Amino acid sequence: MELHFYFRGGLLLALALLLIPRGGDSTQPPFSCDSADPKTKSFKFCQKSLPIAQRARDLVSRLTLDEKISQLVDSSAAIPRLGVPAYQWWSEALHGVSGYGRGVTYGGAIGGATSFPQVILSASTFDSRLWYRIGQAIGREARGMYNGGQAQGMTFWTPNINIFRDPRWGRGQETPGEDPMVAAKYAVAHVRGIQGDRYEGGQNGHLLASACCKHFTAYDLDNWKSVSRMGFDAKVTQQDLADTYQPPFRSCVQEGKASGIMCAYNSVNGVPNCADRNLLTKTARGQWGFHGYIVSDCDAVATIYEKHKYVRKPEDAVALALKAGMDVNCGSYLKDYTKSAIQQQKVRESQVDRALNNLFEVRMRLGLFDGNPSRNLFGNIGRADVCSQAHQDLALEAARNGIVLLKNDANLLPLSKSKTRSLAVVGHNAANAYVLRGDYDGPPCRNVEVLTALKGYVSNTLFVQGCSNADCTTASTRAAVAAAKKADYVVLVMGLDQTQEKEDHDRVELGLPGMQQSLITAVAAAAKKPVVLVLVCGGPVDVEFAKHDPKIGSILWAGYPGEAGGIALSQIIFGEHNPGGKLPMTWYPKNFINVAMTDMRMRPDPKSSYPGRTYRFYKGPKVFEFGYGLSYTTYSYDLKLSTPNTINLNRFIAASYATDESWSSNSSSIRALSVSKIGSDNCERLKFSTYVAVENTGPMSGKHPVLLFARHERLGEGRPIKQLVGFESVSLDPKQRAEIEFVLNPCEHLTTAKIDGSMVIEEGYRYLVVQDKEFLINIVL
């Protein structure tokens with residue numbers, strides 16, 4: 001079987017999924033330990049009073065080797081003699097319960113689920129409580145699907161918390177952006193919401209649904225030119241692993257308490273992720289305390305042998321994956337080769353038992369071995385909880401608060417509802433509700449195109465598609481110009497779609513495809529007034545031409561805004577909502593394509609003219625910066641500390657501790673102290689509060705993300721240009737003022753990664769920065 005057979009969206013996958021028994025006609029969810037079955041009373045694994053680990057071990061001890069092996073793949077077989085039903089590990093819920101995977105079936109009584117904005121747009125709200133509420137809604141709808149008999153699995157492979165390192169990455173849309181702190185905070189909020197935990201955490205027992213941190217690790221290339229993720233070896237420095245690639249996963253495990261991890265296709269420094277014991281067992285389980293299951297990406301075990309050529313036989317790949325700490329294979333390799341690997345003494349049956357214990361523990365935490373789910377915790381959640389009005393309202397809230405206003409010359413927006421008598425709408429994305437959903441979507445509760453929503457405000461609306469699709473190889477420019485000349489105002493809805501950026505498809509250009517730019521420019525030149533340009537896309541595009549064209553008055557970035565995106569855009573355009581989103585990624589110029597996508601380095605290299613990546617390290621020109629976003633109102637800021645601006649580390653560190661001088665060979669003798677030497681207790685004592693006062697000084701109420709950065713007095717030698725250390729979203733009416741407290745930990749927020757990956761606090765000055773306000777902190781050793 002070719003590896004790409006697993007990719008969603010293809011005819012082959014659709015046909016394959018039709019052949020899978022789904023149980024969609026039954027309203028009875030699959031479960032074990034039915035109290036109506038007398039034999040279950042003798043099974044310890046059915047006794048809810050026992051610890052889950054003991055129950056799982058009891059179940060595993062009753063299995064034959066063949067039965068054990070049948071549980072090691074994503075489509076786990078039933079074990080009728082023990083009353084264990086088949087189980088589908090593969091379900092997706094990136095921004096709503098998805099139709100991808102094998103665990104969820106649509107087409108029964110439940111025909112759709114709430115389609116929230118694609119993750120990259122939700123990230124632009126910088127609102128962790130919103131992310132948590134979205135996770136809660138997804139978890140509740142997932143449980144409702146299960147209780148309604150339309151799910152054969154409750155393990156959802158979300159969130160995608162890889163760093164959006166390169167603007168060409170087709171899956172960047174699935175992530176919270178380029179900043180590791182944002183990705184980490186998103187992971188924690190999303191996982192806690194889906195799994196039924198509190199926003200603050202602390203409930204680690206029963207799972208509403210199971211979340212899975214993916215793709216572990218340093219995965220951010222799919223299919224670029226001749227390079228495929230399947231065999232790509234990412235060369236990553238220990239420094240970049242420490243402060244960029246690993247922090248989101250560490251937070252997902254330690255704070256979010258995720259019950260799943262997915263190991264990625266690629267290798268890191270020569271070792272395939274799914275065969276890396278140091279990564280899966282020593283780091284995730286040992287250092288971070290992960291308790292859950294580890295799944296391969298689909299056919300990632302096969303790639304160890306077939307693509308990476310890391311081993312000589314399929315049995316070697318299976319053995320390495322199990323020894324590394326992987327538990328379940330999305331694919332067939334473990335089903336096909338585990339028995340022969342055991343017979344060849346490449347792996348022990350005890351390694352299989354270890355994997356099965358992890359798998360059954362998660363299923364038990366989900367309540368799938370507690371008898372009839374209708375009588376248990378979460379049994380009251382049902383069909384009415386899927387597409388509930390509250391969840392649909394939340395989807396609209398997320399879309400409205402995520403959309404980013406990138407340009408608004410002469411306050412063109414908002415348009416007047418009473419004075420706008422005619423409107424021309426141009427663009428291939430205007431009358432297409434499907435494009436608003438992004439990838440890993442599911443059937444939504446409702447579909448509203450941007451065009452339909454705009455017509456609700458201006459009945460006299462002309463529409464010209466302009467381009468037949470995002471490729472825009474030809475454009476009906478003459479018709480679009482004619483419509484523009486007739487209308488009071490023009491809205492162009494342009495950008496990308498899933499033919500341009502998606503899984504297994506990275507971009508090779510950063511401009512708008514085909515004739516889009518020429519169409520936009522021509523329509524803008526012909527219009528009576530400056531036009532509004534709406535960009536529907538996940539990754540950034542170079543629209544430098546539009547920034548400087550006076551006939552393009554406003555630019556809105558809508559990401560892929562989900563089922564309520566059309567309504568959200570129309571409300572923003574006509575002033576019923578004030579946009580407040582800020583970009584969660586840098587928008588690079590077109591010539592950034594000259595940088596090899598395979599170069600994983602975050603930090604710049606002046607000797608080779610390598611510019612670095614993301615706002616933390618990139619030193620080249622930008623179209624728009626990370627954190628950029630306008631509003632219909634204005635805000636002012638003030639910044640103060642709760643303590644003196646000197647942090648004296650000697651107050652907490654014993655004199656016997658040696659300092660680490662010259663953290664890199666060419667450093668100028670800057671003294672630094674290792675965070676590991678400070679210790680967690682002293683790090684807690686070093687915490688201090690920073691207060692940011694923000695006032696709405698403009699005419700309109702708004703929800704405003706406040707971003708707090710830190711920067712080092714000394715740049716270069718691998719230090720970030722600046723680093724986000726806190727963010728909070730606040731709603732303010734005109735003239736209203738609020739004070740936000742940011743609790744900072746120098747051991748986390750004021751550290752520097754050394755070349756070997758260790759974290760240190762360097763002496764010297766740091767600046768805390770909010771917009772144009774700065775506050776100086778002195779660290780003394």
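Refer to the structure presented above.
Residue indices begin from 1 for each chain and proceed along its sequence in written order. Local features in this predicted model are restricted to residues whose pLDDT is 70 or higher, and side-chain atom pairs enter the listing and the counts only when it is 80 or higher, whereas totals over whole chains, interfaces and linings include all residues. As a rule here, side-chain values cover all heavy atoms of the structure and leave hydrogens and water aside.

Asker: Residue-level account of the overall build of the protein chain, with values.
Answerer: Looking only at helices and strands, the protein chain has 23 helices and 29 strands in total. C-alpha extents for the protein chain along the principal axes are approximately 80 × 70 × 50 Å. Using a 1.4 Å probe on the protein chains alone, a residue whose accessible area is under 20% of its type maximum counts as buried, one over 50% counts as exposed, and one in between counts as partly exposed. A buried classification covers 63% of the 781 residues belonging to the protein chain. Contact definition: two residues touch when any of their heavy atoms are within 4.5 Å. If you take every contact in the protein chain between residues at least 6 apart in sequence, the share linking residues at least 24 apart comes to 78%. Secondary structure is summarised from DSSP: a helix means a run of H or I of at least four residues, a strand means a run of E of at least two, and numbering begins at the N terminus for each.

Asker: Could you give me a rundown of helix α11 (residues 314-324), with the residues and numbers involved?
Answerer: Here α11 lies mainly inside the structure; nine of its 11 residues are buried. Looking at α11, one finds that the buried residues are P314, E315, D316, A317, V318, A319, A321, L322 and A324. Buried residues along α11 sit in contact with α9 (277-287), α10 (300-306), α12 (333-343) and α13 (349-365). One or two steps after α11, the chain reaches G325, where phi turns positive at roughly 120°.

Asker: Go over the side chain of D220 with me, naming the residues and quoting the values.
Answerer: In this structure, D220 sits in the loop between β4 (210-216) and β5 (223-224). Among the residues examined, D220 registers a relative accessible area of 2% and is labelled buried.

Asker: Let's hear about empty space enclosed by the protein: which residues, and what values?
Answerer: A 1.4 Å probe that fits but cannot get out identifies a cavity on a 1 Å grid over protein atoms alone, an open set with protein on both sides within 12 Å along at least five of seven lines counts as a pocket, and a residue lines either if it has an atom within 4 Å of a point. Grid points are joined across faces, edges and corners, and a volume is the space filled by probe spheres set on the points. Under the defined criterion, the tally for this structure stands at eight cavities of 30 Å³ or more. Estimates place the volume of the second largest cavity at around 60 Å³. Residue lining of the second largest cavity: P30, F31, S32, P85, A86, Y87, Y146, Q152, G153, R363 and L368, and that is the complete set. Side-chain classes are defined by residue name, with Ala, Val, Leu, Ile, Met, Phe, Trp, Tyr, Cys and Pro counting as nonpolar, Asp, Glu, Lys and Arg as charged, and the others, Gly among them, as polar. When grouped by side-chain class, the residues that make up the lining of the second largest cavity number seven nonpolar, three polar and one charged.

Asker: Please provide a residue-by-residue account of the pattern of salt bridges, values included.
Answerer: Any Lys or Arg side-chain nitrogen located within 4 Å of an Asp or Glu carboxyl oxygen qualifies as a salt bridge. One pass over the structure, following the stated rule, counts 39 salt bridges. Put simply, E503 and R171 hold a salt bridge, and the shortest N to O gap is 3.3 Å. Of this pair, E503 sits in the loop between β15 (489-495) and α17 (516-526) while R171 sits in the loop between β3 (155-156) and α6 (180-195); the two residues are 332 residues apart in sequence, bridging distant segments of the chain. As far as burial versus exposure is concerned, E503 and R171 are alike and both buried. For R601, the salt bridge goes to D605, with nearest N and O atoms at 3.3 Å. D605 sits in the partly exposed class, given a relative accessible area of 22%.

Asker: Break down the sheet that holds strand β19 (residues 646-648) for me, citing the residues and quoting the values.
Answerer: DSSP-based pairing: two strands are paired if at least 2 bridges between them are found. Taken in spatial order, the five strands line up as β19-β29-β28-β23-β24 in an open sheet, and their pairing is mixed. Each edge of the sheet is formed by a strand with only one pairing partner; in this case those strands are β19 and β24 (723-732). For this sheet, the mean inter-axis angle between neighbouring strands, taken without regard to orientation, is 20°. Pairing of strand β23 (residues 702-712) with β24 involves nine bridges; the strand directions are antiparallel. Residue pairing across strands places L707 opposite F727, the latter belonging to β24. Structural elements are reduced to axes, namely lines fitted to C-alpha atoms, with helices fitted over the stretch in contact, and the angle between N-to-C directions of any two is expressed from 0 to 180 degrees.

Asker: How would you sum up the packing of aromatic side chains? Please name residues and give values.
Answerer: The pairing test for Phe, Tyr and Trp rings, Trp by its six-membered ring, is centres within 6.5 Å, and the orientation test on the planes gives stacked under 30 degrees, edge-to-face over 60, and tilted for anything in between. Under the counting rule described, the total for this entry stands at 27 aromatic pairs. Judged by centre distance (5.7 Å) and plane angle (80°), the rings of F592 and Y618 are edge-to-face. A residue pair is termed long-range when its members are at least 10 positions apart, and F592 in the loop between α19 (565-573) and α20 (614-617) and Y618 in the loop between α20 and β18 (635-641) qualify at 26 residues. Take F592: its relative accessible area is 2%, and that puts it in the buried class. Under the relative-accessibility criterion, Y618 is labelled buried at 4%. Grouping aromatic residues by their ring pairs yields a cluster made of F126, W131, Y186, Y615, F626, F709 and F727. A positively charged side chain is recorded as over a ring if its NZ (Lys) or CZ (Arg) lies within 6 Å of the ring centre. The angle to the ring normal must also be within 35 degrees. The residue whose ring lies beneath K214 is Y440, and the NZ or CZ to ring-centre distance is 5.0 Å. The ring centre of Y489 lies 5.1 Å from the NZ or CZ of K529, which sits over that ring.

Asker: Now, about the state of the cysteines: what can you tell me, with residues and values included?
Answerer: Criterion for a disulfide: a pair of cysteine sulfur atoms at a distance within 2.5 Å. Counted under the stated rule, the structure contains seven disulfides. Note on cysteine connectivity: C33 is disulfide-linked to C46, with sulfurs 2.1 Å apart. The sign of the S-S torsion, about -80°, decides the handedness of the disulfide formed by C33 and C46: left-handed. Within this pair, whereas C33 is found in the loop between α1 (11-18) and α2 (52-61), its partner C46 is found in the loop between α1 and α2, the two being separated by 13 residues in sequence. Classification of C33 as buried rests on a relative accessible area of 9%. One disulfide bridge connects C387 with C445, the sulfur atoms lying 2.0 Å from each other. Disulfide C387-C445: torsion about the S-S bond near -95°, hence left-handed. Taken together, the positions of C387 in the loop between α13 and α14 (389-402) and C445 in the loop between β13 (423-426) and α15 (450-455) put the pair 58 residues apart, joining distant regions of the chain.

Asker: Talk me through the sheet that holds β15; I want residue IDs and the actual numbers.
Answerer: Strand order in this open sheet of six strands is β12-β17-β16-β15-β13-β14, and the pairing throughout is mixed. This sheet does not close on itself; its edge strands, each paired only once, are β12 (404-408) and β14 (461-464). For this sheet the average axis-to-axis angle between neighbouring strands, irrespective of direction, equals 15°. Across five bridges, strand β16 (residues 531-536) lies against strand β17 (residues 552-557) in parallel orientation. Bridged to L533 within β17 is I555. Sheet strands touched by helix α16 (residues 477-486): β13, β14 and β15. Its angle to β14, the strand with the most contacts, is close to 165°.

These results come straight from atomic positions and should not be treated as a statement about function.
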